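Here is how the chains run, residue by residue.
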Amino acid sequence: MKPFFEFIAYKAVVGSRAYGLVHEGSDTDLKGFFVPPAELQWSLEGVPDQIDDEKEQSVFWELGKCVRLALRANPTVLETLNAPEVLQSSEIAEDLLSIRDAFISKHAYARYQSYAEDQFKRLNKGAEEGEPNWKHAMHMLRLLICGETLMREGFVRVDVTEYREKLLSVKRGAMKWANVIAWQEELNEKLKNSFETTELPDEPDVERVNAFLISARRRMVDYVAPVVEAEAVTV
């Protein structure tokens, strides 16, 4: 087993399978977080803030990094914590999931909008030079849809099955770029309008998240990581 993978506390299926956009040839992407024991956190070597396995299409954030990104309304992290299919969830993970609402605030508007806008600029440049990346175009539109739902209804939308055929037509390049632009402008306007009337709090609940993180860290103080004998070295 790769180092630190034994400390994975939460694992969920993300990507096309979570979005309701799965199709023939779709990979199974996994994301989540790990909670290393205190003795490793305190050691000289410390712990990585992220571990991944390219072969298994998986990424796991260290718990501290995970909650910090979520407080900044990182769409990928928020979607992971709200994924419909969870494969692994420890007691600490369940405690975190129980306070997911603490991450939700008006900050999400700027995050979702800026991510989509940056992607659009790259796509538009690609279109001017020949052809945009149609897969990225689909995800730009999906992000705007999810951001608007968050502003209007106050929850992190992951499944976009309602828009499945239209979004997949974008991914296939079956929709003209001009029509993609028109849809992007429409979604941007809806996102802006929903932000102006949203009832979301101005700020995330940092105190509640911090209390959770401290509690989780304390629970790992008595955890003893298994000793792995080093291979003999011939000098």
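Look up: the structure comes first, before these words.
Bringing the nonpolar core into the picture now. Counting residues in hydrophobic clusters, the biggest one holds 65 residues, and the most contacted among them are Phe33, Leu63, Leu81, Leu96, Phe103, Val170 and Phe212. Those residues in contact with Leu96 that sit more than four places away from it in its chain are Phe33, Leu63, Val67, Leu81, Phe103 and Phe212. With seven residues, the next largest nonpolar core counts Ile8, Phe34, Ile51 and Phe60 among its residues.

Another point: the packing of helix H7 (residues 134-153) against helix H8 (residues 164-171). Running from N to C, H7 and H8 cross one another at 150°; their axes reach a closest spacing of 7 Å. Facing Trp134, Lys135, Ala137, Met138, Leu141, Arg142 and Ile145 of H7, the residues of H8 in contact are Leu167, Leu168, Val170 and Lys171. Among the residues making up the contact of H7 with H8, the classes are represented as eight nonpolar, no polar and three charged.

This part is about the packing of helix H6 (residues 107-129) against helix H9 (residues 177-197). In the contact formed by H6 and H9, the axes pass within 12 Å of each other and the chain directions differ by 165°. Taken together, the axes of H6 and H9 are roughly antiparallel relative to one another. Here the hand of the crossing between H6 and H9 comes out left-handed. Where H6 abuts H9, its residues Tyr109, Gln113, Glu117, Phe120, Leu123, Asn124 and Ala127 lie against Trp177, Ile181, Gln184, Asn188, Leu191, Lys192 and Phe195. Split into classes, the residues belonging to the contact of H6 with H9 amount to eight nonpolar, four polar and two charged.

Rules used throughout
Residues numbered from 1 in each chain as written. Predicted model: local features only at pLDDT ≥ 70, side-chain atom pairs only at ≥ 80, totals over all residues. Heavy atoms only, no water. Core = buried A, V, L, I, M, F, W, Y, C linked by side-chain atoms within 4.5 Å. Buried < 20%, exposed > 50% of the residue type's maximum accessible area, 1.4 Å probe, protein only. Contact = heavy atoms within 4.5 Å. Axes fitted to C-alpha atoms, helices over the stretch in contact; angles between N-to-C directions. Helix = DSSP H or I, 4+ residues; strand = E, 2+ residues; numbered from the N terminus. Nonpolar A, V, L, I, M, F, W, Y, C, P; charged D, E, K, R; others polar. Parallel < 35°, antiparallel > 145°, perpendicular 65-115°, else oblique. Left-handed = near helix turned anticlockwise from the far one by under 90°.

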